[in-house]
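Now for the letters of each chain:
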2 protein chains.
Amino acid sequence: MKRGAIGVGAAVFALVLLLGFPGVQADELRGTGDLGVIIEREPGSLLIVESTGKTRLMRVEDLGDFSHASVKYSRDARYAFVFGRDGGLSRIDILRGVVEERVMQAGNSVGGAISQDGTLVAVSNYDPGGVHIFRSEDLGLVAKIPAEYGDEGKLSRVVGLVDAPGKRFVFSLFDAGEIWVADFSDDPRSPDILRFRDVGRQPYDALITPDGRYYIAGLFGEDGLVLLDLWDLDAGPKRIMDGYGRGEEPLPVFKMPHLEGWAAANGLLFLPAVGRHELLVVNPDGWREVTRIPLHGQPIFAVARPDGRQIWVNFAFPDNDTIQVVDVATLEVAHELKPGSGVLHMEFTPRGEQAWLSVRDENRVDVYDPHTLERLTSLEATTPSGIFMTWRAHRIGL
Amino acid sequence: MKRGAIGVGAAVFALVLLLGFPGVQADELRGTGDLGVIIEREPGSLLIVESTGKTRLMRVEDLGDFSHASVKYSRDARYAFVFGRDGGLSRIDILRGVVEERVMQAGNSVGGAISQDGTLVAVSNYDPGGVHIFRSEDLGLVAKIPAEYGDEGKLSRVVGLVDAPGKRFVFSLFDAGEIWVADFSDDPRSPDILRFRDVGRQPYDALITPDGRYYIAGLFGEDGLVLLDLWDLDAGPKRIMDGYGRGEEPLPVFKMPHLEGWAAANGLLFLPAVGRHELLVVNPDGWREVTRIPLHGQPIFAVARPDGRQIWVNFAFPDNDTIQVVDVATLEVAHELKPGSGVLHMEFTPRGEQAWLSVRDENRVDVYDPHTLERLTSLEATTPSGIFMTWRAHRIGL
């Protein structure tokens, strides 16, 4: 076999630029398609793992306050952008296990997103209320979007930030009750912003459907959801599923479920009911409630196995030692697992042959075969919470 | 920032094993999430490209007969498995641009698949009729499945091979009119095989829906399709969409469309009509035909933009200089492009900001922005046909 000359010279040059010597010995040439990272909450560190051998590779430490930390990936699946609660934004090379850049971009941050083309990283902030936009290649500041509302120029806390097709970011203003759509396709330094006012009281979280069409925000101050169809912005936001929220003889809510905790499978949506021991099944065609599935406790995340045959659900305290597995064909709970105390997060490998679970209080991440429900292995991790695998780099809204 | 000790020793060890020295200088440490390969048909070579800078990286030559060659990826997105028409199966390291292994596994081969867990590579063959199974790590032979049928032990040509959840492969027997489901989850050397007989005359190609639930085969000898619901194997195969095929005043068929050329978007399926200048729109709920969209010529591939808002369609000779873009919101042709003569294949980046087109007769691959329909760049390629990007590693059936 001959090997062509194209790019080989460039490869050598890039190697020197990237690594220098003698650091190269510590850097393993490998694909990044089977890599992932696990948030270690108490120490504020990031564990880099791979799912082929199901092993730990490296740990990156001293990354700050990792309560509610979340992760997005660069389009080449090499760099993890980690959003800390303390406003810290880190760009981490998961091949080498080093922090390439780190900025304290705000005082109180709740999440981020990466643009469709991978060039922009956005962070939503409580303090100061707004969205900051950075270049993904070096975390250089590109733009600031203050979430001003009302006549006195007050700043609203920003939640539910997601990326959308057409190099857009969509987010909600908790204090203002607004949804903004920011389009960066022209000049990223001055995005075109479309503001929807009076969408409902206190949007507290949001999701975008896997196709990037529907943006749905949960309302903390009212008993329902608000829907924006990005294919028909002229129609504006509309209320759906009144009764989804905390209404109808509300139970004490131990933890508001994340809307990212919704699952889409077999043409249906599966939603953790707020404060209720139920999983709501909704048909997006007309946003009709199909049924409610009784559960073991208050659901937090509902995650679909990639083939859509199962929904895995975890629970709020005091039931957070349990996972229930719903069979999408029968819409009933088919299995129950007791991995241990503090099951905070679940992540499937992209074709569904493995399910990874964070068991915080036992300092363990368990890997299950979701077809046999056999535990394949366990990995040591210090108070693990979020698990994020690199396949997310290739999905809208993730 | 400190870097933990976990796996660093292992990394060094693996580095030596993988590369040896001094070869390392020619190997660029990089993520594999933005890589892809392009089949160069006449020379039988593979062009390795990346979509962040939209450049060519390397070429791997002398790979045999590449008419109808197809590609699958290892789960780490580092290795491309290339299936040549001549029965050649090559395992190519796209980080280094070298052929790791190559076997001539049969005399006449039509396609392959990789198992859900990435450990097995399957190839479907005309001669000898059957399926060969190899270890993905070294292409060592694991099992042979002769496609025997009838009383005299004749061998059928095998088509429509796909992977399915549960470490299964599904394929069709053209001469026998059968569909087989082979389960490798127990002992890969002796899979459990479920045979469905009399499914219809001459299944010539097949697809599996993106969730891995429905296997659909096209019938060359009859005017319709056959559907197998992998969630309900007891129900067995059933006929759907009689009239899809070449019936009702058939036109001359210049090229049978690939069923892999079906697109799923917005809850609907979009099918190239066989021999007709139409795109069929089908609702999988009941497999009802919703409408037919008039087209410029005989469609070959219908490919959905990842957000499902557009379907891009290419055409058979003599109309293969054209792309038509269907707006899924209106179900009408919204745009037409004339990239040049011999547009053979289309591939989107996984979040939909780029569309790559092979323009065979002009030895060019064009990259478009599907939102503005602007041509972003062109890359030289020698008689390019199939374009396969590494995001496919993370999708069922791709």
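Residues numbered from 1 in each chain as written. Chains lettered and ligands numbered in written order. Predicted model: local features only at pLDDT ≥ 70, side-chain atom pairs only at ≥ 80, totals over all residues. Heavy atoms only, no water.

Counting its secondary structure elements, chain A contains one helix and 34 strands. Scored against the burial criterion, the 398 residues of chain A give a buried share of 63%. In chain A, the share of contacts with a sequence separation of at least 24, taken over all contacts with a separation of at least 6, comes to 41%. Carbon together with sulfur atoms contributes 48% to the accessible area of chain A, which is approximately 14200 Å² in total. (Helix = DSSP H or I, 4+ residues; strand = E, 2+ residues; numbered from the N terminus. Buried < 20%, exposed > 50% of the residue type's maximum accessible area, 1.4 Å probe, protein only. Contact = heavy atoms within 4.5 Å. Areas by Shrake-Rupley, 256 points an atom, 1.4 Å probe, with all protein chains shown as cover.)

Once that is clear, we can look at the pairing of strand E28 (residues 323-327) of chain A. Residue and element names in this part refer to chain A. Burial analysis of E28 places five of its five residues in the buried class, the great majority of the element. Bridge count for E28 against strand E29 (residues 332-337) is five bridges, and the pairing is antiparallel. Note on E29: the bridge partner recorded for Val326 is Val333. As consecutive antiparallel partners, E28 and E29 are separated by four residues, and within that stretch Leu331 has a phi angle of approximately 55 degrees, a positive value. (Pairing = 2+ DSSP bridges.)

All names here are of chain A. Within the open sheet, the four strands sit side by side as E4-E5-E6-E7. Their pairing is antiparallel. Whereas interior strands pair on both sides, the edge strands pair on one side only; in this sheet they are strand E4 (70-73) and strand E7 (98-104). Adjacent strand axes in the sheet meet at a mean angle of 20 degrees, parallel and antiparallel pairs treated alike. (Axes fitted to C-alpha atoms, helices over the stretch in contact; angles between N-to-C directions.)

Turning our eyes to something else, we now look at the packing of aromatic side chains. Residues and elements named next belong to chain B. Counting across every chain of the model gives 12 aromatic pairs over all chains. Aromatic pair Phe171 and Trp180: ring centres 5.9 Å apart, planes at 55 degrees, arrangement tilted. Across the pair, Trp180 and Phe171 agree in class, each one buried. When the ring centre of Tyr79 is taken as reference, the NZ or CZ atom of Arg91 above it lies at 3.9 Å. Taking the ring centre of Tyr126 as reference, the NZ or CZ of Arg157 above it sits at 5.9 Å. (Phe/Tyr/Trp six-rings, centres within 6.5 Å; stacked < 30°, edge-to-face > 60°. Lys NZ or Arg CZ within 6 Å of the ring centre and 35° of its normal.)

A few words on the nonpolar core. If you look at the biggest cluster of nonpolar residues, it comprises 23 residues, and the most contacted ones within it are Val37, Ile39, Leu46, Val71, Tyr73, Ile92 and Ile94 of chain A. Contributions of two or more residues to this core are made by strand E1 (35-40), strand E2 (45-50), strand E3 (55-60), E4 and strand E5 (79-83) of chain A. Judged by nonpolar contacts, the second largest core, of 22 residues, contains Leu57, Ala77, Val82 and Phe388 of chain B. (Core = buried A, V, L, I, M, F, W, Y, C linked by side-chain atoms within 4.5 Å.)

Residues and elements named next belong to chain B. In strand E28 (residues 323-327), alternate side chains face the same way, and those of Ile323, Val325 and Asp327 on one face and Gln324 and Val326 on the other are all buried. Two strands pair when backbone bridges link them, and strand E27 (residues 310-315) and E28 are joined in this way by five bridges, in the antiparallel orientation. Residue pairing for E28: Trp312 is matched across the bridge by Val325.

This next bit is on the side chain of Arg59 of chain B. All names here are of chain B. If you trace the backbone, Arg59 turns up in strand E3 (residues 55-60). Judged by its relative accessible area of 15%, Arg59 falls in the buried class. A distance of 2.7 Å separates polar atoms of two side chains, one belonging to Arg59 and the other to Glu40. (Polar contact = N/O pair within 3.5 Å; in protein donor to acceptor, adjacent residues only side chain to side chain.)

With that settled, the discussion passes to the sheet that holds E2 of chain A. All names here are of chain A. Read across the sheet, four strands follow the order E3-E2-E1-E34 without closing on themselves; strand pairing throughout is antiparallel. Unpaired on one side and paired on the other, E3 and strand E34 (384-389) mark the two borders of the sheet. Between one strand and the next, the sheet's axes are offset by a mean angle of 25 degrees, whatever the strand orientation.

Here the amide bond leading from Phe317 of chain A into Pro318 of chain A is cis, since omega sits at 5 degrees, within 30 degrees of zero. Residue placement: Pro318 of chain A occurs in the loop between strand E27 (310-315) and E28. Here Asp198 of chain B, not a glycine, exhibits a phi torsion of approximately 50 degrees, which is positive. For Asp198 of chain B, the position within the fold is in the loop between strand E17 (192-196) and strand E18 (203-208). When its relative accessible area of 73% is taken as the criterion, Asp198 of chain B is described as exposed. Residues other than glycine seldom take positive phi values, yet Trp287 of chain B does so here, at roughly 50 degrees. Within the fold, Trp287 of chain B resides in the loop between strand E24 (278-283) and strand E25 (288-294).

Examined against the element boundaries, Glu260 of chain B turns out to sit in the loop between strand E21 (238-240) and strand E22 (263-265). Here Glu260 of chain B is in contact with Asp205 and Ala206 of chain B, once residues within four sequence places are set aside.

Now for the environment of Leu280 of chain A. Residue and element names in this part refer to chain A. Here Leu280 shows up in strand E24 (residues 278-283). Leu280 gets classed as buried once you look at its relative accessible area, which sits at 1%. Ignoring anything within four residues of it in the chain, the contact list for Leu280 reads Met241, Tyr244, Leu269, Phe270, Leu271, Ala273, Glu289, Thr291 and Arg292.

Another point: the confidence of the model for chain A. Residue and element names in this part refer to chain A. For chain A, per-residue confidence averages 89 on the pLDDT scale, and residues scoring 70 or more make up 90% of the total. Within the model, pLDDT remains below 50 along residues 1-26, and this stretch shows 53 contacts once partners closer than five positions in the same chain are excluded. For this predicted complex, the interface score ipTM comes out at 0.91, while the overall pTM is 0.91. (pLDDT = per-residue confidence, 0-100.)

The subject of this paragraph is the pattern of salt bridges. Following the criterion strictly, the structure yields 56 salt bridges over all chains and no others. Where Arg351 of chain A meets Asp163 of chain B, a salt bridge forms, and the shortest distance between an N and an O atom there is 3.2 Å. Taken together, the positions of Arg351 of chain A in the loop between strand E30 (343-348) and strand E31 (355-359) and Asp163 of chain B in strand E14 (residues 158-164) put the pair across two chains. With respect to class, Arg351 of chain A is no different from Asp163 of chain B; both count as buried. Among the charged side chains, a salt-bridge network with shared partners connects Arg78, Asp93, Arg96 and Glu100 of chain A. (Salt bridge = Lys/Arg side-chain N within 4 Å of Asp/Glu carboxyl O.)

This part covers the side chain of Asp319 of chain B. Residue and element names in this part refer to chain B. Note on placement: Asp319 falls in the loop between E27 and E28. There is no salt bridge for the buried Asp319, and the closest opposite charge comes from Lys338, which lies 6.7 Å off by N-O distance. Dropping the residues within four chain positions of it, Asp319 is found in contact with His296, Gly297 and Gln298. (Lys, Arg positive; Asp, Glu negative; His and termini not counted.)

The next thing to look at is the environment of Leu46 of chain B. All names here are of chain B. Relative to the helices and strands, Leu46 is located in strand E2 (residues 45-50). Overall, the relative accessible area of 0% leaves Leu46 in the buried class. The spacing of Leu46 and Val325 is 279 residues in sequence and 28 Å in space, taken between C-alpha atoms. Leu46 has contacts with Val37, Ile38, Ile39, Met58, Arg59, Val60, Leu63, Phe66, Val82 and Ile92, leaving out every residue within four places of it along the chain.

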